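The chain contents come next:
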Amino acid sequence: METVVWSKPEAERAGTPLLVMMHGYGTDESRMVRLLEYLPAEFTCAALRAPMVIGDHYGWFLLDYFLANDFADVITATNTVQTWINSVRGQHSSVSLLGYSQGMAMASTLLRLHPADYQATVGLSGFVLESELLSLTESFTAPPPFFWGRDKADLVINEDATAYTGQWLNENTRLTARTYPGMGHAMSKTEMVDVSAFLRHYVLGRLPAPLAGMPG
């Protein structure tokens, strides 16, 4: 990865849990950097810039209005991120993923291809790729913890993609699903409180009040 924004200087990263953050289509890592102040301080966060140039911004793979994609592009992007993660994971106690919009497709694809590599996954206002090839290769020994946050009125992610995402997550993960009316295709402070609680519970082993008594 050519551009990575870290939440901690290199001297302070050793032994910390790593959270890899991936932005959406047609934006850049700055969208994820804005979230850093709301995430648990125990984590080292790394906001990645996608490698594909999309106008003045970036994306992980080409995408149309209906979220159609070239699977080869998806695998190329996923392998690029996985290779980078492998180059730094030895410094950290665990690795988790957070993806917004198209970044959620990336995070869930990384999880599907390398389920043993990730402690927890967060998907925000995004989708899981509908792919027979991925479905044939994925194999979870236990349902991985996954947080899915969205606004039901989000018009960017179409109904078919949302329906498949919900089905796949319910069938394959230990799902924490939350909706945020009025948020739109975005992320909110309220949502980040829930994300932080999820990460503290599943990565740091602590259960704060926002998740207490709620199904995982």
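Residues numbered from 1 in each chain as written. Predicted model: local features only at pLDDT ≥ 70, side-chain atom pairs only at ≥ 80, totals over all residues. Heavy atoms only, no water.

This part takes up the overall build of the protein. The number of helices and strands found in the protein is six helices and nine strands. In summary, the protein has a C-alpha radius of gyration of 16 Å against a globular reference of 17 Å for 216 residues, a match within 12%. Burial status across the protein gives 53% buried among its 216 residues. Taking the intrachain contacts of the protein between residues at least 6 apart in sequence as the baseline, contacts between residues at least 24 apart amount to 76%. (Helix = DSSP H or I, 4+ residues; strand = E, 2+ residues; numbered from the N terminus. Rg over C-alpha atoms; globule rule 2.2 N^0.38 Å. Buried < 20%, exposed > 50% of the residue type's maximum accessible area, 1.4 Å probe, protein only. Contact = heavy atoms within 4.5 Å.)

The next subject is the sheet that holds strand 6 (residues 94-100). Pairing in this open sheet of seven strands is mixed, and the strands run 1-3-2-6-7-8-9 from one edge to the other. Each end of this open sheet is capped by a strand with a single partner; those strands are strand 1 (4-6) and strand 9 (174-179). Sheet twist, expressed as the mean angle between neighbouring strand axes with direction ignored, is 15°. In the sheet, strand 8 (residues 145-150) pairs with strand 9 via six bridges, with the strands oriented parallel. Directly across from Phe 146, in strand 9, lies its bridge partner Leu 175. Sheet contacts for helix 3 (residues 102-113): strand 2 (17-22), strand 6, strand 7 (121-124) and strand 8; angle to strand 6, the most-contacted strand, approximately 145°. Relative to strand 8, helix 6 (residues 189-204) is tilted by about 180°, and along the sheet it contacts strand 2, strand 6, strand 7, strand 8 and strand 9. (Pairing = 2+ DSSP bridges. Axes fitted to C-alpha atoms, helices over the stretch in contact; angles between N-to-C directions.)

Glancing now at the pattern of salt bridges. Taken as a whole and judged by the stated rule, the model has two salt bridges. Ionic pairing is found between Glu 29 and Arg 49, a salt bridge with its closest N-O pair at 2.9 Å. Residue Glu 29 is located in the loop between strand 2 and helix 1 (30-33), and its partner Arg 49 is located in the loop between strand 3 (44-48) and strand 4 (52-54); the two are separated by 20 residues in the primary sequence. With a relative accessible area of 8%, Glu 29 lands in the buried category. One salt bridge in this structure joins Arg 89 and Asp 117, with 3.6 Å as the shortest N-O distance. With Arg 89 in the loop between helix 2 (71-88) and strand 6 and Asp 117 in the loop between helix 3 and strand 7, this pair connects stretches of sequence that are 28 residues apart. When its relative accessible area of 22% is taken as the criterion, Arg 89 is described as partly exposed. (Salt bridge = Lys/Arg side-chain N within 4 Å of Asp/Glu carboxyl O.)

Moving on: the packing of aromatic side chains. Here the structure, examined in full by the defined rule, presents four aromatic pairs. Ring centres of Phe 198 and Tyr 202 lie 4.9 Å apart, and the angle between their planes is 50°; on these two criteria the pair is classed as tilted. A residue pair is termed a helical-turn pair when its members lie 3 or 4 positions apart in one helix, as Phe 198 and Tyr 202 do in helix 6 at four residues. Assessed through its relative accessible area of 14%, Tyr 202 is described here as buried. Among the aromatic residues, those joined into a cluster by ring pairs are Phe 147, Phe 198 and Tyr 202. Looking at Arg 13, its charged tip hangs above the ring of Trp 6, at a distance of 3.8 Å from the centre. Against the face of Tyr 118 rests Arg 89, its NZ or CZ located 5.7 Å from the ring centre. (Phe/Tyr/Trp six-rings, centres within 6.5 Å; stacked < 30°, edge-to-face > 60°. Lys NZ or Arg CZ within 6 Å of the ring centre and 35° of its normal.)

The next thing to look at is a negative patch on the surface. Judged by side-chain charge, Glu 130, Glu 132, Glu 159 and Asp 160 come together as a negatively charged surface patch. Mapped onto the fold, Asp 160 is located in helix 5 (residues 159-172). (Patch = residues over 30% accessible without salt bridge, like charges linked within 9 Å, V, L, I, M, F, W, Y side chains within 5 Å. Areas by Shrake-Rupley, 256 points an atom, 1.4 Å probe, with all protein chains shown as cover. Lys, Arg positive; Asp, Glu negative; His and termini not counted. Charge placed at Lys NZ, Arg CZ, Asp CG, Glu CD.)

Moving on, we come to the environment of Ser 139. One can find Ser 139 in the loop between helix 4 (132-137) and strand 8. In this structure Ser 139 comes out as exposed when scored by relative accessible area, which is 54%. C-alpha of Ser 139 to C-alpha of Leu 18: the two residues are 121 residues apart in sequence and 23 Å apart in space.

This part takes up unusual backbone geometry. One non-glycine residue, Ser 101, adopts positive backbone phi at about 55°. The residue Ser 101 is located in the loop between strand 6 and helix 3 in this model. Positive phi outside glycine occurs at Ser 125, with the angle close to 50°. Position of Ser 125 relative to the elements: it lies in the loop between strand 7 and helix 4.

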